Amino acid sequence: MSNYHIKNLEEYWQVYRKSINEPEIFWSEIAEEHFLWRKKWDKVLEWDFDKPSIKWYQGAELNITENCIDRHLFNRADKTAILFEPNNPQEKAQHITYKQLSERVNKMANVLKSQGVNKGDRVCIYLPMIPELAISVLACARIGAIHSVVFAGFSADALATRIKDSGSKMIITSDGAYRGNKTIELKKIVDEAIVDIDIVNKVLVVNRTKTKINMKNGRDIWLAPLLIKSSDICEATIMKAEDPLFILYTSGSTGKPKGMVHTTAGYMVYSAYTFKNIFQYQEKDVYWCTADIGWITGHSYIIYGPLANGATTVMFEGIPSYPDYGRFWEIVEKHKITQFYTAPTAIRALAKEKLDYVNRYDLSSLKILGTVGEPINEEAWHWYNDNIGKGKSPIVDTWWQTETGGIMISPIPFSTPTIPTYATLPLPGIQPVLVGNDGEELQGNNKEGKLCMKFPWPGMARTIWDNHKRFKDTYFSEVKNMYFTGDGALRNAVGYYRITGRTDDVIIVSGHNLGTAPIEDAINEHPAVVESAIVGFPHSIKGNALCGYITLKQYGESRDHDNLKAEINQMITERIGGIAKLDQIQFTVGLPKNRSGKIMRRILRKITLGDIENLGDTSTLLNPEVVELIIEGRAVKV
Ligand code: WTA
């Protein structure tokens, strides 16, 4: 039996028990047997959830790119590492071998150095899903620079917030991005984002779309000529185990996004270990995760986890609906994909289309299907199982978070029997608990409560960039001595976990976490608006959609003003991005508030759902009369 690769349920239980009883031995053996270290650790784990302070593999030295690239050059030099499938099906796919990846990453790393990037500097990467994105990420890791990838669907304002918070002095971007039949002017967005940010002194530009752009003298540089001149040999910078590897922003329920900091050794071990088990990767497999590298799923399960295992990982530039809804399945057939990992929202969108889009293609290469990012509803699960997996490929419903670095609760395919909508069992090393409203741990099965973790795991985030206090307040204060996930969950009769959803003001729309506060702030900036409150409501494809209750300065006149609704959505698009647009807007005379002036979103949520019988006692509100008025003019679609 190997700790590293679990092959059946009995092994799972043995390994799981060992991981709980002897966590340090367990994680030490895995690290020892499966990774390349420049120097071994002196201490496997030191932790204190009160501070919080979490340190894995202290004293160890390594470089993650030697694990993801160099060590494969001995036995996999000509194996495809990254298989790039462009947006346009007419454009040829690129098979980048491990040897080529090594050369391209080293060249890029040398470019970064020549442009003044040092170990510990932050580099903001704002690129579409093209090979240069993965190469830039790995090049940063090669020289110990901290990458901060920002999803290229974010607006200039959202990008600016992230550049400032991380203190990035370099940005890597492209002239434009292809997305279906559209071209998005990325460089223009960067220009707008950094007009007032002086710390950015270099913008490296990839030529992707040949879009005409402005190049600011001394600041903006085309990448291609620099790469040609640079050497393909670059010594890896030796990193300490707990040196930061990257920052990745995730929405919080209030205020600015949180820059989650992941460190080197623990993240590497955890992302690689979970990849191997969840996807049961075999040497000839072609693995495809459809996420964008701008999210944690792309970091852990397109780049680091697969490459650390010497896998072939697919990067797809396009969208599922272009040139038609068969695009995913065409790619599965073309590249003989063996593992396919996507989001429930994509499954729901594709399930709505004719089955012919699926049945046109040979999907017999598929062995394992996965989902991530939000709960998968039963209907979508069955559609996926019946039509894509043809009833023979296990579905891994993987629960985890940006903060956890890797998958935490998930079936292991061919080992764990699955039940639709259940993420099932914790992976080795993971100790979930459910906590009741009084902060007590709920023992036994058939329980529902707040999902917490009572023991650290190597992949967990160590802090929030530049704000350790917020890290403590958000994750380690709700329940004493536990990591609080922000999710609710239930544990059924056999101990399987089912995630019931967020317990805070984060709403997951199409698999993207959106905090209500920043959206409300964006709306409130509109000159006609007094204040606003956002609530989520179920949506057949997006999972949740957003409904905004908005008080206007001149309510009567503008009540049904369609232009105003469009302007408000435009405002949101500019401040955050198109993903945060509202599906429903209701202009109101006021928002229900309690005596201390707090907006009662709970009541608005019920009104939105049409559950007006169960609003509870509204007489204690400061302004009970607005509830009636809001019910009368119930929100209409934008
Ligand atoms: C939700 C994505 C139900 C959850 C990797 C979590 C899920 C948040 C699942 C993190 C799942 C993720 N079932 N809910 N399988 N996976 N979630 O940071 O609410 O983008 O807290 O990380 O997504 O989203 P994030």
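The structure displayed is predicted, hence computed values, not measured ones. (Residues numbered from 1 in each chain as written. Predicted model: local features only at pLDDT ≥ 70, side-chain atom pairs only at ≥ 80, totals over all residues. Heavy atoms only, no water.)

Novice: Teacher, can you tell me more about the overall build of the protein chain here?
Specialist: Secondary structure assignment for the protein chain yields 20 helices and 31 strands. Within the protein chain, the fraction of its 638 residues that count as buried is 62%. Residue pairs at least 24 apart in sequence account for 71% of intrachain contacts in the protein chain once pairs closer than 6 positions are excluded. Entry remark: accessible area of the protein chain is about 24,700 Å², with carbon and sulfur atoms responsible for 48%. (Helix = DSSP H or I, 4+ residues; strand = E, 2+ residues; numbered from the N terminus. Buried < 20%, exposed > 50% of the residue type's maximum accessible area, 1.4 Å probe, protein only. Contact = heavy atoms within 4.5 Å. Areas by Shrake-Rupley, 256 points an atom, 1.4 Å probe, with all protein chains shown as cover.)

Novice: Any chance you could explain the sheet that holds strand S21 (residues 432-435) here in plain terms?
Specialist: The strands making up a sheet associate through backbone hydrogen bonding, with each pair oriented either parallel or antiparallel. One open sheet holds the four strands; their spatial order is S21-S22-S24-S25, and the pairing between them is antiparallel. Two strands bound the open sheet, and with one partner strand each, they are S21 and strand S25 (497-502). Each strand axis lies, on average, 45 degrees off the axis of its neighbour in the sheet, ignoring direction. Of the pairings in the sheet, the one linking strand S24 (residues 483-491) to S25 comprises five bridges and is antiparallel in character. Considered in S25, the bridge of Arg491 is made with Tyr497. (Pairing = 2+ DSSP bridges. Axes fitted to C-alpha atoms, helices over the stretch in contact; angles between N-to-C directions.)

Novice: Can you help me understand the sheet that holds strand S17 (residues 312-316) in this one?
Specialist: A sheet is described by the order of its strands in space; here seven strands give the open sequence S5-S4-S17-S16-S18-S19-S20, paired in mixed fashion. Of all strands in the sheet, those with a lone pairing partner are strand S5 (94-97) and strand S20 (395-398), marking the two edges. Strand-to-strand, the axes of this sheet are offset by a mean angle of 20 degrees, without reference to chain direction. Inspection of the sheet shows strand S4 (residues 80-85) paired to S5 by four bridges, in the antiparallel sense.

Novice: I'm lost on the pairing of strand S8 (residues 170-174) in this one. Help?
Specialist: Regular strands have side chains that alternate between both faces of the sheet. The element S8 is extensively covered by neighbouring structure, given that five of its five residues are classed as buried. Of the two faces of S8, both are covered, the one formed by Met170, Ile172 and Ser174 as well as the one formed by Ile171 and Thr173. With five bridges connecting them, S8 and strand S11 (residues 202-206) associate as parallel partners. Residue Ser174 lies in a different strand from S11, and its bridge partner there is Val206.

Novice: Is there a simple way to think about the nonpolar core in this case?
Specialist: Buried together is how nonpolar side chains tend to be arranged in soluble globular proteins. The biggest cluster of nonpolar side chains holds 121 residues, and the ones touching the most others in it are Trp37, Tyr57 and Tyr304. Ranked by residue count, the leading element in this core is helix H9 (residues 264-279), at 10 residues. Setting aside its immediate chain neighbours within four residues, Trp37 contacts Ala31, Glu32, Tyr57, Ala60, Glu61, Leu62, Ala265, Met268 and Val269. Residues Ile189, Ile523, Ile550 and Phe587 belong to the second largest nonpolar core, which totals 42 residues. (Core = buried A, V, L, I, M, F, W, Y, C linked by side-chain atoms within 4.5 Å.)

Novice: Mind showing me how you'd approach the packing of aromatic side chains here?
Specialist: Two numbers describe a pair of aromatic rings. These are the distance of the centres and the angle of the planes. With the rule as written, the count across this model stands at 44 aromatic pairs. Where Phe275 meets Tyr287, the ring centres are 4.8 Å apart and the plane angle is 90 degrees; that geometry is what we call edge-to-face. Of the two residues, Phe275 sits in helix H9 while Tyr287 sits in strand S16 (residues 286-289), which places them 12 residues apart along the sequence. Exposure class is identical for Phe275 and Tyr287. Each is buried. (Phe/Tyr/Trp six-rings, centres within 6.5 Å; stacked < 30°, edge-to-face > 60°.)

Novice: I tried to follow the site of the ligand on my own but got confused; where do I start?
Specialist: As a structural note, the neighbourhood of the ligand is formed by 17 residues, with Asp397, Thr398, Thr402, Asp487 and Arg502 the closest of them. Residue Glu374 places a main-chain N or O atom 3.4 Å away from a nitrogen atom belonging to the ligand. Between Asp397 and the ligand, the recorded distance is 2.7 Å, taken from a side-chain N or O atom to a nitrogen atom. The fraction of the free accessible surface of the ligand (530 Å²) that becomes covered by protein chains is 95%. Contributing elements (two or more residues each) for the shell around the ligand: helix H10 (296-308), S20 and S25. Its residues placed into classes, the shell around the ligand shows seven nonpolar, six polar and four charged. (Near = heavy atom within 4 Å. Polar contact = N/O pair within 3.5 Å; in protein donor to acceptor, adjacent residues only side chain to side chain. Nonpolar A, V, L, I, M, F, W, Y, C, P; charged D, E, K, R; others polar.)

Novice: Could you clarify how one ought to interpret unusual backbone geometry in this entry?
Specialist: Note: most peptide bonds trans; most residues except glycine with negative phi. For the bond from Lys51 to Pro52, the omega torsion is -20 degrees, close enough to zero to count as cis. For Pro52, the position within the fold is in the loop between strand S1 (43-48) and strand S2 (53-58). Here Tyr322 and Pro323 are connected by a cis peptide whose omega angle stands at -5 degrees. For Pro323, the location among the structural elements is in the loop between S17 and helix H11 (327-335). Unlike most non-glycine residues, Thr421 shows phi in positive territory, near 75 degrees. Mapped onto the secondary structure, Thr421 falls in the loop between S20 and S21. At Ser510, a residue that is not glycine, the phi angle is positive and equals roughly 50 degrees. Locating Ser510 in the fold gives a position in the loop between strand S26 (506-509) and strand S27 (512-515).

Novice: What is the right way to look at the layout of surface pockets in this model?
Specialist: To find leftover empty space, one rolls a probe the size of a water molecule over the atoms. Of the voids in this model, the second largest pocket is the one considered here, and its volume is about 340 Å³. Together, 20 residues line the second largest pocket, and Arg162, Pro257, Pro518, Arg575 and Ile576 are the ones closest to its centre. Contributions of two or more residues to the lining of the second largest pocket are made by helix H6 (156-166), S27 and helix H16 (516-524). Its residues assigned to classes, the lining of the second largest pocket shows eight nonpolar, six polar and six charged. Taken domain by domain, the lining of the second largest pocket gets at least three of its residues from each of domain 1 (36-319 + 398-430) and domain 2 (508-637). (1 Å grid on protein atoms, 1.4 Å probe; cavity = no way out; pocket = protein on both sides within 12 Å on 5 of 7 lines; lining within 4 Å. Points joined across faces, edges and corners; volume = space filled by probe spheres on them. Domains from an automatic or database assignment.)

Novice: Would you mind going over the pattern of salt bridges with me for this structure?
Specialist: Close approach of charged atoms lets side chains of opposite charge pair. Tallying each qualifying case throughout the model produces 42 salt bridges. Among the ionic pairs, Arg348 bridges to Glu374, the shortest N-O distance being 3.0 Å. On the criterion of sequence distance, the pair formed by Arg348 in helix H12 (residues 344-351) and Glu374 in the loop between strand S19 (368-372) and helix H14 (378-388) is long-range, its members being 26 residues apart. Glu374 matches Arg348 in its accessibility class, with the two residues each being buried. Two residues, Lys450 and Glu478, come together in a salt bridge whose shortest N-O distance is 3.0 Å. Here Lys450, found in strand S22 (residues 447-453), pairs with Glu478, found in the loop between helix H15 (468-475) and S24; they are 28 residues apart in sequence, far enough to count as distant. With relative accessibility at 16%, the residue Lys450 sits in the buried group. Look at Glu478 and you get partly exposed, because its relative accessible area is 43%. Among the ionic contacts, a cluster of salt bridges with common partners joins Glu85, Arg327, Glu330 and Lys334. (Salt bridge = Lys/Arg side-chain N within 4 Å of Asp/Glu carboxyl O.)

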